[in-house]
Amino acid sequence: MRTRLFAVLALVAAAAATLSCGERGSGKEILVGEYGSLTGGIATFGISTKNASELAFDEINKKGGVLGKQIKLLVEDDQSKPEEAGTAVTKLINQDHVVAMLGHVASSHSLAAAPICQSNKVPMITPSSTNPRVTQVGDYIFRVCFTDTFTGEVVAKFVADTLKAKKVAILVDVRSDYSVGLQTFFGEAFKRRGGEIVANQSYSQGDSDFRAQLTQIKATNPEAIYVPGYYTEVGTIVHQGRELGITVPFVGSDGWDSPKLWEIGGDALNGCYFSNHYSTDDPNPAVQKFVNDYKTKYGQTPDALAALAYDAARILADSFTRAGSTDGDKVRKAIGATKDFPGVTGSITINAERNAVKPAVILKIENGKYLLVETITPEAVKQ
Amino acid sequence: MTTFLQQLVNGLSLGSIYALIALGYTMVYGVLRLINFAHGDVYMVGAYVGYYASRKLRGDQPSLLSAIFVMLIAMLACAILGILIERLAYRPVRRESRLTLLITAIGVSLLIENAGQLIFGPDPKFFPSLAPRADFVLEGVRVTSEQITVIAVSFLLMILLRFFILKTRTGKAMRAVSFSLDASRLMGISTDKIIGITFALGSALAAAAGVLIGMQIPKIDPLMGIPYGLKAFVAAVLGGIGSVPGAVLGGLLIGISEVMVVGYLSSTYRDAIAFGILILVLLLRPQGLLGRVQKEKV
């Protein structure tokens, strides 16, 4: 009886092993995982990213895929909760056996997931997490966007040189690594340019009443207010700020870029500025083709997060080809060797810190449209 | 000084919302000795009913009449929801231990939150402006018409409630039930009906709070009931749970102290101080500011 039970168990174990091997090794598909926020407070980020990655892989698959295989994208939702990002990535790696990972937009989420990818030796490319700490997690973690250090410099230069503001107030989201990082980098860069931070107020993601902070800010008479937050709160903040009689421009960064921003803030947003990764006004034919393809497929103008996700997916596919394999270590080295890749968000070179080096744009909000004000290159912020 | 007065106005309008929600907690506790944890979620449903009603009713221009209609529809819908919750969830277990009731309440709360995410969608929605708006500036203090509406409507509803409880027969019956459920039944009061009315009233007030917050913030989402419900619960305990004026006082105190903490200290201390106040009150005056001492009957 005993031996028979063991025999049965052994058979089951063997069957399970064969099955899982079958899933991992053979097949005509390369499985790529993506974790993102498809629902919740920053849902448009996740949806744009997913749409654009699918668009990129569809194009590649139509041309025959890479290494003679089709790329299949598996997407997991983390409900806009950083703590769920770890769960999503663990599932993609352990159950679905993906060979590479794309995501996330928000730095807090990427920071939760990156250590898991690193320890499992699964290369991860974040399209748009800008906090410098993300790629410092390890040598399997890359990004195709610039970092917040650069964004802080860019916004400081714009506020000081173009808006000619000397006194600036900051309203920061203390629960977001992205926001807190930008607050520091902007503050340092702005002070170096001779500016003064007259107020430093904070809120937490998910808050909905910002009148107390805005009243305090208004009392210090700033010439501009920097809000390095995400669109859901930003729209509400600007709306309530205008109600309290604040007339100076609110300035933000790429966290503002969402089709929903205008829906939330409406007219209150007119005359506000934010820094971003690309502009849909860019005459480059590759950009215009991407904008048109995306519009045709999803009926929406692609935001910067979509553009970055498109570039991230194409760089990943390109790296598979250059590595000649989907082996984690080989793919990692190929991603790191990316040089002058013609992306829609500019020419992308990955540096030794696994970050992309490229210019940023400043956009002005006018009646729901984002108008290009200026392009600031990495050389320009070096004084 | 201007800044302080402006913060006071901000605190008053936030506090009135807490007070409206706290009233529902306190009334239900008064008659059933139950903390109705689903109450914050009824408030959320009120905001959503208001949102859908205003999108249907609102013409091209915001008008006062449609605003009033929207509010009445939301209050009516939530009154019905309140009665349903009581009938379906609480009545069957009313005779069980207090713990059973409490756990049922938590279950109802989770049910409404998750059903809300399914039905309304988990993404936040944005309230259209309902009433025509105007701002008043007095000595540098800016008061928006929304803030005035929030404060005025809250106080009007609270006065009406007080009148209802003190002057009408039903109100008298409610007070009797809250004094002793069994004795009231012996005296011929239909206690089931009175409990139903209490839930309806409390839920209607929460719905009003939901529409008011929608007008003011103007962002609503299916989990918005959690923070507001929790704060309102603290407000009810602070004022003395079971006491109607206590709920109003507690709501205003929590609202104003929150705004002042955010304004003059830091937003990170906001909840710590709100709950710190709660702990202090419970230590020094366990019956709450305006509550009566009740001897536990054995």
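Our subject is the structure that appears above.
What you are looking at is a predicted structure, and each value in this text was computed from that prediction instead of being measured.

## Looking at the overall build of chain B
Step number 1: Helices and strands together make up the secondary structure of chain B, namely 11 helices and four strands.
Step number 2: Its C-alpha atoms give chain B a radius of gyration of 19 Å, within 12% of the compact-globule value 19 Å for 298 residues.
Step number 3: Relative to its 298 residues, chain B shows a buried fraction of 50%.

## Here we look at the overall build of chain A
Step number 1: Broken down by element type, chain A carries 12 helices and 15 strands.
Step number 2: For 383 residues, the compact-globule estimate of 2.2 N^0.38 gives 21 Å, and chain A sits close to it at 22 Å.
Step number 3: Structurally, chain A occupies a C-alpha span of about 85 × 50 × 40 Å along its principal axes.
Step number 4: By residue count, 55% of the 383 residues in chain A fall in the buried class.

## With respect to the sheet that holds strand 12 (residues 346-350) of chain A
Residues and elements named next belong to chain A.
Step number 1: Strands sit in the order 11-12-13 across an open sheet of three strands; the sheet is antiparallel. Strands with a single pairing partner mark the edges of an open sheet, and in this sheet they are strand 11 (341-343) and strand 13 (356-357).
Step number 2: The pairing of strand 12 with strand 13 spans two bridges and is classified as antiparallel. Opposite Thr349, over in strand 13, you have Val357 as the bridge partner.

## Thoughts on the pairing of strand 15 (residues 369-376) of chain A
All names here are of chain A.
Step number 1: Note: strand 14 (residues 360-366) against strand 15, seven bridges, orientation antiparallel. Directly across from Glu366, in strand 15, lies its bridge partner Lys369.
Step number 2: In this structure, the hairpin formed by strand 14 and strand 15 is closed by a connection of two residues, where Asn367 is found at a positive phi of approximately 45°.

## Comments concerning helix 1 (residues 2-32) of chain B
All names here are of chain B.
Step number 1: The end-to-end C-alpha distance of helix 1 is 45 Å, a good match for the 45 Å that 31 residues give at a rise of 1.5 Å each.
Step number 2: Most of helix 1 sits inside the fold, with 26 of its 31 residues counted as buried.
Step number 3: Trailing helix 1 by a residue or two, Arg33 shows a phi angle of about 55°, which is positive.

## Observations regarding helix 5 (residues 145-167) of chain B
Step number 1: Relative to the 33 Å expected for 23 residues at 1.5 Å per residue, helix 5 of chain B spans 32 Å between its end C-alpha atoms, a close match to the ideal helical length.
Step number 2: Elements in contact with the buried residues of helix 5 of chain B: helix 1, strand 3 (141-144), helix 8 (191-216) and helix 10 (244-265) of chain B.

## A short note on the environment of Ala334(A)
Residue and element names in this part refer to chain A.
Step number 1: Along the chain, the position of Ala334 falls in helix 12 (residues 328-336).
Step number 2: Judged by local crowding, Ala334 falls into the buried class, with 20 C-beta atoms found within 10 Å.
Step number 3: Residues Ala334 and Thr321 lie 13 residues apart in sequence; the distance between their C-alpha atoms is 8.8 Å.
Step number 4: Contact partners of Ala334, with chain neighbours within four places excluded, come to Ser319, Arg322 and Ala323.

## Notes on the interface of chain B and chain A
Step number 1: With 19 residues of chain B at the interface, the matching set in chain A holds 23 residues.
Step number 2: Counting residues per element, the ones that place at least two in the side of chain B that touches chain A are helix 1, strand 3 and helix 10 of chain B.
Step number 3: In terms of residue count, helix 1 of chain B provides more of the side of chain B that touches chain A than any other element does, five residues in total.
Step number 4: Residue classes in the side of chain B that touches chain A are distributed as seven nonpolar, nine polar and three charged.

## Some points on the pairing of strand 7 (residues 196-203) of chain A
All names here are of chain A.
Step number 1: Relative to strand 7, strand 6 (residues 167-173) runs parallel, the two sharing seven bridges. By the bridge assignment, Lys167 is partnered in strand 7 with Glu196.
Step number 2: The β-α-β motif built from strand 6, the intervening helix 6 (residues 177-192) and the parallel element strand 7 has right-handed crossover chirality.

## Details of the packing of helix 2 (residues 39-57) of chain B against helix 4 (residues 98-120) of chain B
Residue and element names in this part refer to chain B.
Step number 1: Two elements in contact, helix 2 and helix 4, have axes separated by 9 Å at closest approach and are oriented at 25°. The angle between helix 2 and helix 4 places the two elements in the roughly parallel class. For helix 2 against helix 4, the interelement crossing comes out left-handed. For the pair formed by helix 2 and helix 4, the contact residues are Asp41, Met44, Val45 and Tyr48 on the first element and Ser109, Ile112, Glu113, Gly116 and Phe120 on the second.
Step number 2: Along the lines of polarity and charge, the residues of the contact of helix 2 with helix 4 split into five nonpolar, two polar and two charged.

So, how was this worked out
- Residues numbered from 1 in each chain as written.
- Chains lettered and ligands numbered in written order.
- Predicted model: local features only at pLDDT ≥ 70, side-chain atom pairs only at ≥ 80, totals over all residues.
- Helix = DSSP H or I, 4+ residues; strand = E, 2+ residues; numbered from the N terminus.
- Rg over C-alpha atoms; globule rule 2.2 N^0.38 Å.
- Buried ≥ 20, exposed ≤ 12 C-beta atoms within 10 Å, placed from the backbone.
- Pairing = 2+ DSSP bridges.
- Expected span 1.5 Å × (residues − 1).
- Contact = placed C-beta atoms within 7 Å.
- Nonpolar A, V, L, I, M, F, W, Y, C, P; charged D, E, K, R; others polar.
- Right-handed = clockwise from strand over helix to strand, strands pointing away.
- Axes fitted to C-alpha atoms, helices over the stretch in contact; angles between N-to-C directions.
- Parallel < 35°, antiparallel > 145°, perpendicular 65-115°, else oblique.
- Left-handed = near helix turned anticlockwise from the far one by under 90°.

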